[in-house]
Amino acid sequence: DLSAPDSGIGQAYARGLEHCQGDYVCMLAADERLEHDALETAIQWCRKRPDAVFVNGSVRLVDAHGATEQIFPSPHFNLLDHLTCEVVLAFAGLLNRRLLGADLWYDATLKTCPDYDFWIRVGQRFSASQFVVFDAVFKTALADRNSMSFRIESYEQFCRDKQLVLDRFIATQPPSPLREAVSLA
């Protein structure tokens, strides 16, 4: 059932995460590839920061011919910036499965942006200092129309899914400065 058709990236990643057994998890989409030394480098990052829930590097964005368009440095995580879509945390590193525990899952109902929901859940539980950014390219990703992230016709679904997640988050939060800031954004 691992290779069965899926309803979207949320279900695809959710299925994969159900089968993870190691201490660390690395997630890649079909249009991404790791740098030649990425896993070795990321394990070194984990050893330097055993308290990290996520160690993260940069993403090299390339066109369909493999030419580098730009290097996207991963920003430092901030829950409010994430909630308001000011910051996009790249999946360019390793998740610490041991620390994440029961939070290491994706909402299979989301056709797009399941990471938006994931980072909200994890960002509420862990401090921003546990999202560690290193200055190195970890993976390469396709940055053209072959990638869903770069197709204009995908944006409407992105917006619907993010709005659903954000509404769900706000509905479960007691009054707080964070909830108020998100509601005003």
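The structure we're discussing is the one just above.
Residues numbered from 1 in each chain as written. Predicted model: local features only at pLDDT ≥ 70, side-chain atom pairs only at ≥ 80, totals over all residues. Heavy atoms only, no water.

Visitor: Where do I start with the overall build of the chain in this structure?
Guide: Per the secondary structure count, the chain includes seven helices and six strands. Each helix and strand of the chain, ordered N terminal to C terminal, gives the series α-β-β-α-β-β-α-β-α-α-β-α-α. In terms of overall dimensions, the chain is globule-like: its C-alpha atoms have a radius of gyration of 16 Å, near the 16 Å expected for 185 residues. The principal-axis extents of the C-alpha atoms in the chain amount to approximately 45 × 40 × 35 Å. Split into buried and exposed, the 185 residues of the chain put 43% on the buried side. Sequence separation of 24 or more characterises 70% of the internal contacts of the chain that already satisfy a separation of 6 or more. For the chain, the exposed surface amounts to about 10100 Å²; the carbon and sulfur share of it is 53%. Averaging the positions of the 18 positive and the 25 negative side-chain charges in the chain gives two centres separated by 4 Å. (Helix = DSSP H or I, 4+ residues; strand = E, 2+ residues; numbered from the N terminus. Rg over C-alpha atoms; globule rule 2.2 N^0.38 Å. Buried < 20%, exposed > 50% of the residue type's maximum accessible area, 1.4 Å probe, protein only. Contact = heavy atoms within 4.5 Å. Areas by Shrake-Rupley, 256 points an atom, 1.4 Å probe, with all protein chains shown as cover. Lys, Arg positive; Asp, Glu negative; His and termini not counted. Charge placed at Lys NZ, Arg CZ, Asp CG, Glu CD.)

Visitor: So what exactly am I meant to see when it comes to the pattern of salt bridges here?
Guide: Oppositely charged side chains can pair when the atoms bearing their charge come close. Enumeration according to the criterion identifies nine salt bridges in this entry. Residues Arg168 and Asp117 are paired through a salt bridge, measuring 3.1 Å at the closest nitrogen-oxygen approach. Taken together, the positions of Arg168 in helix H6 (residues 155-172) and Asp117 in helix H5 (residues 114-125) put the pair 51 residues apart, joining distant regions of the chain. A residue is classified by how much of its surface remains accessible, and Arg168, at 35% relative accessible area, is partly exposed. (Salt bridge = Lys/Arg side-chain N within 4 Å of Asp/Glu carboxyl O.)

Visitor: Would you mind showing me how to read the packing of H5 against H6 here?
Guide: What describes two packed helices is the angle between their axes and the distance between those same axes. Across the interface, H5 lies against H6 with an axial gap of 9 Å and an inter-helix angle of 25°. Relative to H6, H5 is oriented roughly parallel. Each of Tyr116, Asp117, Ile120 and Gln124 in H5 lies in contact with H6, whose residues at this interface are Lys162, Val165, Leu166, Arg168 and Phe169. Tallied by class, the residues present in the contact of H5 with H6 amount to five nonpolar, one polar and three charged. (Axes fitted to C-alpha atoms, helices over the stretch in contact; angles between N-to-C directions. Parallel < 35°, antiparallel > 145°, perpendicular 65-115°, else oblique. Nonpolar A, V, L, I, M, F, W, Y, C, P; charged D, E, K, R; others polar.)

Visitor: Hey, could you run me through the pairing of strand S5 (residues 93-96) in this one?
Guide: A regular strand carries its side chains on alternate faces of the sheet. Of the pairings in the sheet, the one linking strand S1 (residues 24-25) to S5 comprises two bridges and is antiparallel in character. Directly across from Val25, in S5, lies its bridge partner Leu95. As paired elements, strand S3 (residues 54-62) and S5 share three bridges and run antiparallel to each other. Residue pairing for S5: Asn56 is matched across the bridge by Gly93. (Pairing = 2+ DSSP bridges.)

Visitor: Quick question: what am I supposed to make of the environment of Ala52 here?
Guide: Relative to the helices and strands, Ala52 resides in the loop between helix H2 (38-48) and S3. Residue contacts for Ala52: discarding those within four places in its chain leaves Asn96, Leu99, Gln130 and Val132.

Visitor: Would you mind showing me how to read the packing of aromatic side chains here?
Guide: Think of a pair of aromatic rings as described by two things: how far the centres are apart, and how the planes are tilted against each other in angle. Tallied over the full model, the rule gives 14 aromatic pairs. Here the aromatic rings of Tyr13 and Tyr106 are separated by 5.6 Å at their centres, their planes lie at 85°, and the arrangement is edge-to-face. Highlighted residues: Tyr13 in helix H1 (residues 9-18) and Tyr106 in the loop between helix H4 (97-100) and H5, separated in sequence by 93 residues. By relative accessible area, Tyr106 is classed as buried at 4%. Look at Tyr106 and Phe118: their rings are 5.5 Å apart centre to centre, the planes differ by 50°, and that puts the pair in the tilted class. In this pair, Tyr106 is assigned in the loop between H4 and H5 and Phe118 in helix H5, connecting sequence segments twelve residues apart. (Phe/Tyr/Trp six-rings, centres within 6.5 Å; stacked < 30°, edge-to-face > 60°.)

Visitor: Please clarify how empty space enclosed by the protein should be interpreted in this entry.
Guide: Over the atoms rolls a probe the size of a water molecule, and in doing so it shows where empty space is left. All told, the structure shown has one cavity of 30 Å³ or more when counted by the stated rule. Its volume calculated, the largest cavity comes out at about 40 Å³. If you trace the largest cavity, you find it lined by Tyr24, Cys46, Arg49, Pro50, Ala52, Val53, Phe54, Val55, Leu94, Leu95 and Asn96. Considering each element in turn, the lining of the largest cavity owes the most residues, three residues, to S5. When grouped by side-chain class, the residues that make up the lining of the largest cavity number nine nonpolar, one polar and one charged. (1 Å grid on protein atoms, 1.4 Å probe; cavity = no way out; pocket = protein on both sides within 12 Å on 5 of 7 lines; lining within 4 Å. Points joined across faces, edges and corners; volume = space filled by probe spheres on them.)

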